[in-house]
Structures are given as C-alpha cells and as structure tokens.
Amino acid sequence: GVHNLTTGKRCMQVIRSTDAGRSWSSPTVVEPPAGDPCPWLHPHGQMCRPGPGRLVFNARGAYTPNQHETQADLPERESFLYFSDDHGASFTRHVHLGPITETAVLAMDDTRWLCYSRNTQGSATVGRSTDAGQTWAEWTPAYPDCRFRTDFSSYIAPGSLVRLPSGNVLLVRT
C-alpha cells in the first residue's frame, strides 16, 4: 500500500518488469472496486499466476476509526483477492475472503486453490476453493492439534505457499 501525502488517501500500486527484474515500469494504481467500504488496502505476499494472462494477489484491508465508531460490528480486518485477466494491465475484479488478514494463495490446478491466512482472532486458517478462487469453503484451523503451547496466537506469522515438484505444498512463515 502507498499513502499519498497530497490527497491523504491510500492506494495499491503495481510495477512490472519485462526483462527479468533488470528494470521496472512506473507504478500503476490498482483502484479498489466502486463502492468498496474498506478504504485502507495493503497488498500482501507474492502475486500468483494461475494461468495465461491471469494474475492474482491478496490485499488485506482495514476500516477507518470513523467507520468503527459508526458501525461497531465491523471486523478488525478484511481480506480480498484481486484478479487481472490482461497480464496485470488492470485489476478489475475482486473476491472477498472474509474477516482475515495476510493471505497466501496458491493455485493447485485450474480449479483447486489453497489459501493460508492469519485470522483476526490470532490464529492461522486454511481455505479451499474448487472454482478457481471465486468462492471459498469454510475456513478451518491450520494447526488444529497444536499441543505444544497454549499461547499459540502469539507466534502466528504470515506465510507463503509453494508447490514443490513432488506435488507437496510447502508453507514458509516467519
């Protein structure tokens, strides 16, 4: 996320390289969808390339203090996936993931996707999609049998998902 000191607004920006990272384009602003009530969006993690021309990235969002004052039931955080179908020239669609925060996304194949996320209760969750990220089944605890610590939430960190050549999925977190 970028904070524009002139306008006071926050925005997301994308830069591109066509030469393996030796040079970079000027930033392009990723506009939130019209009517999006979550004004503070921050990109998180790696951009995912699930197919030709398609790019997907996660953005976590927060509400303003004024919004929390007038709508006490708003969650602390929200998370979205942003989609581009034109090689990142524009990001015109988004999917709401729910009241979670930093989310790693991995396309397992054309339709099955996996997400790992911190939630707003201080633990980690896993979500699964069977329609290329358009809808998500109920999020389940990432570590349901954690018997080693009772204060598990104190060391949950955001992660990244990688598919290994064996087909196994590796979760890397700090």
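Residues numbered from 1 in each chain as written. Predicted model: local features only at pLDDT ≥ 70, side-chain atom pairs only at ≥ 80, totals over all residues. Heavy atoms only, no water.

J.: Explain the overall build of the protein here, please?
T.: Secondary structure assignment for the protein yields 1 helix and 13 strands. Going residue by residue from the N terminus, the α and β elements of the protein occur as β-β-β-β-β-α-β-β-β-β-β-β-β-β. By residue count, 37% of the 174 residues in the protein fall in the buried class. The contacts in the protein between residues at least 6 apart in sequence include a share of 38% that link residues at least 24 apart. Of the roughly 10,300 Å² that the protein leaves accessible, carbon and sulfur atoms contribute 53%. (Helix = DSSP H or I, 4+ residues; strand = E, 2+ residues; numbered from the N terminus. Buried < 20%, exposed > 50% of the residue type's maximum accessible area, 1.4 Å probe, protein only. Contact = heavy atoms within 4.5 Å. Areas by Shrake-Rupley, 256 points an atom, 1.4 Å probe, with all protein chains shown as cover.)

J.: Where do I start with the pairing of strand β9 (residues 113–119) in this structure?
T.: On any regular strand, side chains alternate: one points to one face of the sheet, the next to the other face. Of all 7 residues in β9, 6 are buried, a share of seventy percent or more. Inspection of the sheet shows strand β8 (residues 100–107) paired to β9 by 6 bridges, in the antiparallel sense. Across the sheet, L106 pairs through a bridge with L114, a residue of β9. Hairpin connection from β8 to β9: 5 residues lie between these consecutive antiparallel strands. Where β9 and strand β10 (residues 124–129) come together, 6 bridges link them in antiparallel fashion. By the bridge assignment for β10, R118 is matched with A124. (Pairing = 2+ DSSP bridges.)

J.: Quick question: what am I supposed to make of the environment of S90 here?
T.: Structurally, S90 can be placed in the loop between β6 (78–84) and β7 (93–98). A C-alpha to C-alpha distance of 8.9 Å links S90 and V29, two positions 61 residues apart in sequence. Among the polar contacts made by the side chain of S90, one reaches the side chain of D86 at a distance of 2.7 Å. (Polar contact = N/O pair within 3.5 Å; in protein donor to acceptor, adjacent residues only side chain to side chain.)

J.: Would you mind showing me how to read the side chain of S117 here?
T.: Here S117 lies in strand β9. Owing to a relative accessible area of 0%, S117 belongs among the buried residues under this scheme. Separated by 3.3 Å, the side chain of S117 and the backbone oxygen of T101 make a polar contact. Discounting residues that sit within four places of it in the chain, S117 has contacts with I100, T101, E102, T103, S123, A124, T125 and W139.

J.: How should the pattern of salt bridges be read in this particular structure?
T.: Opposite charge on two side chains permits pairing when their charged atoms draw close. Summed over all chains, the structure comprises 4 salt bridges. Of the charged contacts, one joins R54 and D85 as a salt bridge, the two residues approaching to 2.7 Å between their closest N and O atoms. Of this pair, R54 sits in strand β5 (residues 54–62) while D85 sits in the loop between β6 and β7, and the two are 31 residues apart along the sequence. Note that R60 and E102 form a salt bridge whose closest N and O atoms lie 3.5 Å from each other. (Salt bridge = Lys/Arg side-chain N within 4 Å of Asp/Glu carboxyl O.)

J.: What is the right way to look at the sheet that holds strand β11 (residues 140–141) in this model?
T.: Working definition: the strands of a sheet are paired by backbone hydrogen bonds and lie parallel or antiparallel to each other. If you walk across this open sheet you meet the 4 strands as β8-β9-β10-β11, and the pairing is antiparallel. Looking at strand neighbours, the two that pair on one side only are β8 and β11, the edges of this open sheet.

J.: Could you clarify how one ought to interpret the side chain of N58 in this entry?
T.: One can find N58 in strand β5. In terms of polar contacts, N58 uses its side chain to reach the backbone carbonyl oxygen of F80, at 3.0 Å. Here the side chain of N58 touches T103 through a polar contact of 3.2 Å, landing on its backbone nitrogen. Look past the residues within four positions of N58 in its chain and what remains in contact with it is H42, P43, H44, S79, F80, L81, L97, T101, E102 and T103.

J.: I would appreciate a short explanation of the environment of L170 in the present structure.
T.: Assignment of secondary structure puts L170 in strand β13 (residues 169–173). Classification of L170 by relative accessible area gives partly exposed; the value is 38%. Placed 11 residues apart in sequence, L170 and G159 show a C-alpha to C-alpha distance of 9.9 Å. Residues contacting L170, with those up to four places away along its chain left out, are S160, L161, V162 and L164.

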